[in-house]
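# Understanding the architecture of this molecule
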Amino acid sequence: MTEVKTSTPGAGAAASARRMTALRRGYVVAMSLLLTVLAGNWLATVAGQNIYEKDEARTDRQFVAPAPGLSPADLAEGQAVLTPGEAPSTRAQLFYLGDSQVFSRPDAPPGALNSAQWLQILLARQDDRAVRVRIGASPGMDISEMLLKALSAAEQNPRQDDVIVTDLALAEMRELGVRAEITSLAAQPTVNSDLKSLISSNPDLRDADKTLEALLTPQQESGNPAADKSLAEKIEDTLQRKADSWSFFAQRENLVGLGLLRYAQWEHRLLHITADKRIPTHAEPYRTNVQLLELLMRYAQARDMHLVLFFGPVRSIEPNPDDPDDLERMHRDVLRLCERYSATATCLDYSHLIPEGMWAEYSSNQRGAFALMAGQHDFYHYTEAAHQALAEKIVSDAGSKILQWSNQPAGAH
Amino acid sequence: MVESAGRCALNLLSLSYLLFIPLVWVLTRLVNSVTARPMKARQLLWLAASYLFYATWSLKFLCVLVVSSLVNYALGIYLKRKPTAGRLWVGIGFNLLMLAVFKYLPVWSSHLGQGHHSWLLENVILPVGVSFWTFEALSYLFDIYREEDLDPSLTEFCLYMAFWPTVLSGPVCRMPELLPQFRNPQPTGDDIADGVRRIVLGLFMKTVLSQILGSGLRPGEGVDFGFNQMARGWTGLDVWILAIGFAFQMYFDFAGYSNIVIGTARVFGITLRENFRDPFLSTSPAEFWTRWHMSLSSWIRDYVFMPLATWRPQVWWRHASLVIAMMLFGFWHGADWTYIVWGALQGLLLVSHRQFQQFERRSNLQLPPIVSSLGGWAITFCAMLLSWVVFRANDLHQARLMFHALVHFSSYRHFVLPRNFVLMTVVIAVSYFVIAGLRRLAENMKQSPVVLRIGWALSPVMYSVAVLAIVIMSIHKAVFVYLQF
């Protein structure tokens, strides 16, 4: 009896403690789930708005708006540059490379033309069956990416590129590093084998070779990756697809982009990053990029392609992110290469082509990282009028040669 | 063809794995309640789950694991009948041969280059986790030789070798700890709650923190880029930042992995060895090795250093044993000079620490505790960071270049690495120490009901933030660094 009397309150207390523990755990699980779902849905909505804006911006760039002085034929030529898949193989192929400078028009309304489209229109006005311009330029492109794009474009099209026109900016010579979407080009069997032969036949350009060797990946043995998938992979793919039905999961990539943008905002404030801050050009990546440019010239020469290089316009105000000494060194080195490969390479200097009034300013209306520098000078991009001026200058300096080359096509496939 | 890892495996960071855990858990409950011999049925279920898990990496890997398990089990019986040194050496020889063939031969054959490959060399596979489960087999044989009372059945032994949470990269388990738990696991509510907490923590450490340090926030940043970019070279400041970045990347990667593994086992009522305990708070190299990769360092201590050190009574031999044991530790990571030199450096650090302790005793030197702890921490932290540079360098030439930058004070004027990466590394490292300090403070105040209530009330916020961050960052296809060892 005594035992029962003493144990009953203890058992009751233990049961009550167990209930409390269960309640506490239940609260943690339920609240965690609730908060995760609510916050996840809210983040997905924010990210969804962002992707909607991006899609809208992409649509803006996919058409050509009528403008005074542009005939229906001009509009059709300008539009054709945006749809390279439809390029007729009867025309000479002009591959237009460079960084965002050659296509970005921060001030321009939707449908405005960039220098590539102007180049197409101006060349077509002289001979409407001669040349098809295709854009290969990408924002922040360096020379290794340029080379890879040139190789890939030369292999992919019904007719080999006849002419490569590219701008050269100091920014392109500063960095080394090929982005994943461009690296993937090297996985194409023909590009891969071209790269290999380029490396093996140019052992003197050791730094360039090393950079390209890093891009060589083992070739896929099967042409149908989906069929090669194991059961584990198929199950994982199915689960990922199911998970995508939760909008938050589906918006992950967008959320990473948004997060980076917000982070960049703080970074700019914290590290006092401004558009005019001088950017150093380190010796090693610069030397490698010069070697890669030489490799591009040798490649063009070997394939009987013509190369038109122009020094991209430089905004000549101080303070300036580009060091004048670095610019001078780049001019010297590139001109030396142009002399050596003068049979196929033509160098033009457009450093001072664009007057101060035609340069862009960053504004809060711009999207992405550009808006972070609102109110500052844009040292890389210029107005739509400047794009036209650049294309006119290219046509005036090299247009007749381009049209002449288009009648003597490089080795057709 | 050298096959280093399954290209399509069930890995710890996949949704399949998060589904695999509750599936096996439910089946375990079902087996426990339905079958007449729940222990046997449960062990068979776990063994089948472990083999299925490992088979998703490669069927060839599974074959090697099964053969190794069967042979080691037979060797155990053979040794138990008559535990002689000769019989033990047979077992050691077999396992070393396994390592030589499946871990080192593929690497050596790839170093031989084109034209030197025989069909055999080209077809040798490198089963993931081979060095972990081979060390488990060795510890089992050592324990039998020491006449520990171990009587695992074949199923239990195979499960010990293949237990799915640990089969890929440890922690290196010991039979005396696992056997009783395999026979009578009793998962409580606390186990499940703690297991889930550790899985979430581990995923956060790996998917968020290690990923940010390893690959950076943007292309052209991160530890991997920093070490692999040879073109620009490094300044002294870059080397320090890369060393800090890599040390924390490794910590978050491997401690994150360990948390997921320990948490998974805990959900099933199995308590595994801890693998990390705030290693960067260590105040001496000896303490560091009781806090970093604890399961392997204690294995090396018990089965390599102790037998070696007791072989000869002289002090110099004990020091030599330390260096040899740590070089073996380095060699365990792979057949590369960087690992061996890293191991030798660790051995020398441990010997130096012992010498300093002896000097302290002999000279009756008594430093104020704050000076001793802070000085010890600073020296240990910096020494460990520098040794990681050798470990991570692509070759000894690169390590030499990086050390060259360290000792040239003129190279301390600027960073070559992106400022953003420098900032991120410093923020993560400082946060680690702040959080470690706060955690210690909270542990001291654990009895306070106010602290308990605040912790309980805020925990859902922390869980949901962690889960959201894990989901967002899961867009990057991450791989655990230690899978390559």
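Residues numbered from 1 in each chain as written. Chains lettered and ligands numbered in written order. Predicted model: local features only at pLDDT ≥ 70, side-chain atom pairs only at ≥ 80, totals over all residues.

Another aspect to go through is the overall build of chain B. A count of helices and strands for chain B gives 19 helices and zero strands. Relative to the 2.2 N^0.38 estimate, which gives 23 Å for 485 residues, the radius of gyration of chain B is 23 Å and therefore close to what a compact globule would have. Overall size of chain B, expressed as C-alpha extent along the three principal axes, is 70 × 60 × 55 Å. When contacts within chain B are restricted to residue pairs at least 6 apart in sequence, long-range pairs at least 24 apart make up 74% of them. (Helix = DSSP H or I, 4+ residues; strand = E, 2+ residues; numbered from the N terminus. Rg over C-alpha atoms; globule rule 2.2 N^0.38 Å. Contact = placed C-beta atoms within 7 Å.)

This part takes up the interface of chain A and chain B. Reports often express the size of an interface as the amount of accessible area lost when the parts come together. Counting residues at the interface gives 37 residues for chain A, matched by 32 residues for chain B. Here the side of chain A that touches chain B takes 10 residues from helix 1 (residues 2-61) of chain A, the largest share from any one element. In the side of chain A that touches chain B, the residues fall into 17 nonpolar, nine polar and 11 charged. (Nonpolar A, V, L, I, M, F, W, Y, C, P; charged D, E, K, R; others polar.)

To continue, consider the domain arrangement of chain B. Residue and element names in this part refer to chain B. The domain boundaries assigned to chain B delineate domain 1 (15-185) and domain 2 (191-484). For domain 1 and domain 2, the distance between their C-alpha centres works out to 27 Å. On the side of domain 2, 23 residues touch domain 1, which itself brings 23 residues to the contact. Sorting the residues of the side of domain 1 that touches domain 2 by element identifies helix 1 (15-34), helix 4 (85-112), helix 6 (130-145) and helix 8 (175-183) as the ones contributing at least two each. With five residues, helix 6 is the largest single contributor of residues to the side of domain 1 that touches domain 2. (Domains from an automatic or database assignment.)

Another point: the environment of Asp395(B). Mapped onto the secondary structure, Asp395(B) falls in the loop between helix 16 (369-392) and helix 17 (396-407). A sequence separation of 56 residues divides Asp395(B) from Tyr339(B), and the C-alpha atoms of the two residues are 9.6 Å apart.

A few words now on helix 13 (residues 294-309) of chain B. All names here are of chain B. Bending of helix 13 peaks at approximately 35° at the position of Arg-301. For helix 13, the complete set of buried residues consists of Met-294, Ser-295, Leu-296, Ser-297, Trp-299, Ile-300 and Phe-305. Its buried side turned inward, helix 13 meets helix 6 and helix 14 (315-333). (Bend = angle between axes of the 7 residues up to and from the residue. Buried ≥ 20, exposed ≤ 12 C-beta atoms within 10 Å, placed from the backbone.)

Okay, helix 3 (residues 59-81) of chain B next. Over its 23 residues, helix 3 of chain B extends 33 Å from the first C-alpha to the last, a length consistent with the 33 Å expected when each residue adds 1.5 Å. Residues Phe61(B), Leu62(B), Leu65(B), Ser68(B), Ser69(B), Asn72(B), Tyr73(B), Leu75(B), Gly76(B) and Leu79(B) constitute the buried set of helix 3 of chain B. (Expected span 1.5 Å × (residues − 1).)

Attention shifts here to the pairing of strand 2 (residues 131-135) of chain A. Residues and elements named next belong to chain A. Here strand 2 lies mainly inside the structure; five of its five residues are buried. Of the two faces of strand 2, both are covered, the one formed by Val-131, Val-133 and Ile-135 as well as the one formed by Arg-132 and Arg-134. In this structure, strand 1 (residues 92-97) lies alongside strand 2, joined through five bridges in parallel fashion. Note on strand 2: the bridge partner recorded for Phe-95 is Arg-134. (Pairing = 2+ DSSP bridges.)

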